[in-house]
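Structure at a glance
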Amino acid sequence: MASPMSATRFRDTLRAAGVTVVEVGDWKHHNRNHKGPWGPVHGVMIHHTVTRGSALTVDICRDGHAELPGPLCHAVITKDGRVHLVGYGRANHAGLGDDDVLRAVIAEQPLPADHESDTDGNRYFYGFECENLGDGKDPWPAAQLRAIEKVSAAICRHHGWTERSVIGHLEWQPGKVDPRGFTMGWLRKRVRERLKG
């Protein structure tokens, strides 16, 4: 169990990981905290956006859309590997997921199959939306994958977590497929290697 780091510490932790951080508007105070608490935090959740174009992607993730108000994550990782901070606090990214998965993340154990949607993930996870169409064909540039790896490892290091605290949306909520185009096993292996350094 961990308290979320402050917005400033979050930004500085990502910068120290060697990624280019872009601050979007008043991101430090843009959140959904009026809908419920944020924290304790237990992990990092990775998504794909099903969008094309960095500017459009960042705007949607910051402002949301008719069905879901923003922010839709804490940061957007665009194809060039830049990390755009769009909100901090409770964000509409994880939705309802499986309490068994949450328990496994907390215990840093292998994840069970997600088969229910009974737990509010927006409270418990840092969320990164990654610019990609999510069709299995849209490429994931090396710079973007490195940034995903770096920010995930940086947050784990800050909180004293292992790579098992990094999950994909598809591992949390039944019916979700993101991120598509790489496996979470591959990403966790990369994070594990980075945490050794």
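For the structure given in this document, a descriptive report is provided here. Remember, predicted model here, so these are calculated numbers, not experimental data.

Describing the nonpolar core
By size, the foremost hydrophobic cluster in this structure holds 34 residues, and its most contacted members are F10, L14, I46, V83, Y126 and F128. Mapped onto this core, the elements with two or more residues apiece are helix 1 (7–16), strand 2 (43–48), strand 5 (75–77), strand 6 (83–85), strand 9 (125–130), helix 4 (142–159) and helix 6 (184–196). Grouped together as the second largest cluster of nonpolar side chains are nine residues, M45, L102, I167 and W172 included.

A short note on the layout of surface pockets
In this structure, the largest pocket encloses a volume near 400 Å³. If you trace the largest pocket, you find 21 residues lining it, with L68, N92, H93, E129 and H169 closest to the centre. Elements supplying a minimum of two residues to the lining of the largest pocket: strand 2 and helix 2 (54–63). Residues belonging to the lining of the largest pocket are distributed by class as follows: seven nonpolar, eleven polar and three charged.

Re the packing of helix 1 against helix 4
It is at 9 Å that the axes of helix 1 and helix 4 come closest, and there the two elements cross at 125°. Taken together, helix 1 and helix 4 sit at an angle that is classed as oblique. In this structure, helix 1 crosses over helix 4, and the sense of that crossing is right-handed. On helix 4, the residues that touch R9, F10, T13 and L14 of helix 1 are V151, A154, I155 and H158. When grouped by side-chain class, the residues that make up the contact of helix 1 with helix 4 number five nonpolar, two polar and one charged.

Notes on helix 3 (residues 99–107)
For helix 3, the complete set of buried residues consists of V101, L102, A104 and V105. Take helix 3 and look down its axis: the buried residues cluster within an arc of 160°, on one side only. Packed against the buried residues of helix 3 are strand 8 (119–120), strand 9, strand 10 (166–168) and helix 5 (169–172). At the N-terminal end of helix 3, a side-chain oxygen is found 2.7 Å from the backbone nitrogen of D100, two or three residues along, and the residue is D98. Among the residues trailing helix 3, E108 stands out with phi positive, at a value near 55°.

Here's the deal with the pattern of salt bridges
Pairs can form between side chains of opposite charge once their charged atoms are near each other. Evaluation of the coordinates by the stated rule reveals 14 salt bridges. In this structure, the salt-bridge partner of D99 is R103, at a minimum N-O distance of 3.3 Å. A residue pair is termed a helical-turn pair when its members lie 3 or 4 positions apart in one helix, as D99 and R103 do in helix 3 at four residues. Taking the shortest distance from any N to any O, the salt bridge between E193 and K196 comes out at 3.1 Å. One end of the pair is E193 and the other is K196, both in helix 6 and three residues apart, which spans about a single turn. Its relative accessible area of 37% is what places E193 among the partly exposed residues. The structure contains a network of salt bridges with shared partners spanning R11, D12, R15 and E23.

Focus on the sheet that holds strand 5
Taken in spatial order, the six strands line up as 1-6-5-9-2-10 in an open sheet, and their pairing is mixed. One side of each edge strand has no neighbouring strand; the edge strands of this open sheet are strand 1 (21–23) and strand 10. Across this sheet, the average inter-strand angle for adjacent strands is 25°, counted without regard to direction. Where strand 5 lies against strand 9, three bridges are found, and the strand directions are parallel. Directly across from V76, in strand 9, lies its bridge partner E129. Its contacts with the sheet place helix 1 against strand 1, strand 6 and strand 9, and it is angled at close to 150° to strand 1. Of the strands in this sheet, strand 2, strand 5, strand 6, strand 9 and strand 10 are in contact with helix 4, which crosses strand 9 at around 175°.

Some details on the side chain of R11
On the secondary structure map, R11 appears in helix 1. Every residue in contact with R11, bar those within four places of it in the chain, is listed here: V21, E23, W27, K28 and L85.

About the cut-offs
Numbering of residues starts from 1 in each chain and follows the order in which that chain's sequence is written. Thresholds applied to this predicted model are a pLDDT of at least 70 for local features of residues and 80 or more for the giving and counting of side-chain atom pairs; totals over whole chains, interfaces and linings are not thresholded and use all residues. Working from all heavy atoms in the structure, the side-chain values ignore hydrogens and water. What is meant by a nonpolar core is a set of buried Ala, Val, Leu, Ile, Met, Phe, Trp, Tyr and Cys residues, joined one to another through side-chain atoms within 4.5 Å. For every residue, the accessible area obtained with a 1.4 Å probe (protein chains only) is divided by the maximum for its type, and the residue is called buried under 20%, exposed over 50%, and partly exposed between those limits. Here a strand is any run of E in DSSP of at least two residues, a helix any run of H or I of at least four, and the numbering for each starts at the N terminus. Points on a 1 Å grid, built from protein atoms alone, make a cavity when a 1.4 Å probe fits but cannot get out and make a pocket when they are open with protein on both sides within 12 Å along at least 5 of 7 lines; residues with an atom within 4 Å of a point are the lining residues. Grid points are joined across faces, edges and corners, and a volume is the space filled by probe spheres set on the points. The nonpolar class holds Ala, Val, Leu, Ile, Met, Phe, Trp, Tyr, Cys and Pro. Asp, Glu, Lys and Arg form the charged class, and all remaining residues, Gly among them, are polar. Convention adopted: a line fitted to C-alpha atoms gives each axis, helices being fitted over their contacting stretch, and angles between N-to-C directions are expressed from 0 to 180 degrees. With respect to orientation, any angle under 35 degrees is reported as roughly parallel, any angle over 145 as roughly antiparallel, any angle of 65 to 115 as roughly perpendicular, and every other angle as oblique. The crossing is said to be left-handed when, going from far helix to near helix, the turn is anticlockwise and less than a right angle, and right-handed when the turn is clockwise. In this description, contact between two residues means that some pair of their heavy atoms is separated by no more than 4.5 Å. Think of the arc as the fan of directions from the helix axis to the C-beta atoms. Between N or O atoms, a polar contact is any pair within 3.5 Å; within protein, one atom must be a potential hydrogen donor and the other a potential acceptor, and residues adjacent in sequence are included only when both atoms are from side chains. Definition used for salt bridges: Asp or Glu carboxyl oxygen within 4 Å of a side-chain nitrogen of Lys or Arg. Strand pairing is assigned whenever DSSP detects at least two bridges linking the two strands.

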